[in-house]
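# Understanding the architecture of this molecule
The chain contents come next:
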Amino acid sequence: MAQDSTRLLVEAEKILRRAVIDLLGYDEDTFEALRHPERVIQVKIPVRMDNGKVKVFIGWRSEHNSALGPYKGGIRYHPETTKEEVIALSMMMTWKNALAGLPYGGGKGGVRVDPHALSPRELEELSRGFIRGIYKYIGPDKDIPAPDVYTNPQIMAWMMDEYYRLTGDNAFAMITGKPKILGGMETRIIATGFGTAVAARETAKRLWGGIEGKKVAVQGYGNAGYYAAKFLHEMGAIIVAVSDSKGGIYSSKGLNPDEVLEVKKKTGSVINYDKAEKKITNEELLELDVDVLVPAAIEDVITEENMDKIKAKLIVEAANGPTTAEADVYLSTKKGVVIVPDILANAGGVIMSHIEWMNNRMGGYISEEEAKRRLEQKMAENVAAVWDFWHKELDPKKHTMRDAAYALAVKRVIEAMKLRGWL
Ligand code: GLU
């Protein structure tokens, strides 16, 4: 998805190097031991299309680190995804899961495809084909996929069923983000966005005493963006701008996230919401004079090119990798912007996945209400832990909140690797 296919990986390695060597004082060998994925599986997936012709798709599952437990992370379907992008994202899952205190390592999958151009039957064939390529390497104690960009509960159901056909194991815990009737949690749908809203609220409390009345712009109106907007609106923030891939809308008095969603569902984009004051571009949205900016679309949107124009005082990363390492350091240390990093801000999805996985393994149920309560509590605790570490153990003028999150996460992975004899 990044224009340059290796850019996200370069960024992920830069951030890791800063944490391992500059911050924690480990050597080059330790960095090397953490950097590379343990395994990358490449899959070619032939799909007979509705027109009778066979089209071949390509995909990857990157299993980055399993020191803390089975690999865990989503599978994305995107026309521009690359092997390097999937590797970078799998590495970020290792830190995200470690930081959240989950018993998981990190993994990620991706198939290079525009899922909107496929019929439901073609999409099912593709999803089953991907599992045929990776089924030997995944399972409830090996590697547990989940949804990511442009994948959903129906796709998880096909994948689980294909795993059953191939192995004979009706193992609900082999994948998360499933439909409720197949062992999923309804709360999984809201989890990433709700978790991001809680992370924003908890950080805003520390900065300003609360999120109420603060102006918020949200880039991206998929699952993460919409639910972040919805819950921030419920918490009393004013959602002044939202956008999707076609463009954005602005209203100084605030938008109603549910009304905007209705319009997006009916017409395909938020830009057709006619009660907004004006239309804006995605670039303009990032540069608005707001209190809080929530990038919830794709990676690499806050960069060296536009960092000087960013006016928000708090950035909460619902997307994976929206800020480059250089922009993170510049905005945090030169402009005093607080950036709640992706591995902290968007961990709600995988935290809820963990509850789903526990339910499946226990054959019992933590209720939806209890799951939401646990998620809220865990997000608040994680923000507090990172904030306190940042202020007590590091220097917030020199170090970013991302530095604090990475230091905590990487230390845990290193400790597990040492105990296992991998370092
Ligand atoms: N795809 C989500 C992420 O990037 C969730 C992964 C999961 O639930 O395993 O964190």
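That block above? That's the structure.
This section reports on the structure supplied with the text. (Residues numbered from 1 in each chain as written. Predicted model: local features only at pLDDT ≥ 70, side-chain atom pairs only at ≥ 80, totals over all residues. Heavy atoms only, no water.)

### Topic: the pattern of salt bridges
Using the criterion set out here, one finds 37 salt bridges in the structure. Between E11 and K14 there is a salt bridge, with the nearest N and O atoms lying 3.4 Å from each other. With E11 and K14 both in helix α1 (residues 7-23), this residue pair falls three residues apart, about one helical turn. Using a relative accessible area of 40% as the deciding quantity, one classes K14 as partly exposed. One salt bridge connects R165 with D161, and the closest N-O pair in it is separated by 3.1 Å. On the criterion of helical spacing, the pair formed by R165 and D161 is a turn pair, its members being four residues apart in helix α5 (residues 153-167). If you follow the salt bridges from partner to partner, you end up with E124, R128, R132, D161, E162 and R165 in one network. (Salt bridge = Lys/Arg side-chain N within 4 Å of Asp/Glu carboxyl O. Helix = DSSP H or I, 4+ residues; strand = E, 2+ residues; numbered from the N terminus. Buried < 20%, exposed > 50% of the residue type's maximum accessible area, 1.4 Å probe, protein only.)

### Things to note about the site of the ligand
Residues in contact with the ligand amount to 14 residues; listed here are only the nearest, K72, K96, K108, D148 and S353. K72 places a polar side-chain atom, nitrogen or oxygen, 2.7 Å from an oxygen atom of the ligand. At 3.2 Å from an oxygen atom of the ligand is found a side-chain nitrogen or oxygen belonging to N320. With the chains in place, 95% of the 300 Å² that the ligand exposes on its own is no longer accessible. (Near = heavy atom within 4 Å. Polar contact = N/O pair within 3.5 Å; in protein donor to acceptor, adjacent residues only side chain to side chain. Areas by Shrake-Rupley, 256 points an atom, 1.4 Å probe, with all protein chains shown as cover.)

### Side note on unusual backbone geometry
Even without glycine at this site, Y150 takes up a positive phi of about 60°. When you line up the elements, Y150 lands in the loop between β6 (143-144) and α5. The phi torsion at D300 lies on the positive side, around 65°, for a residue other than glycine. One can find D300 in the loop between β11 (292-295) and β12 (314-316).

Distances and angles like these do not, on their own, reveal function.
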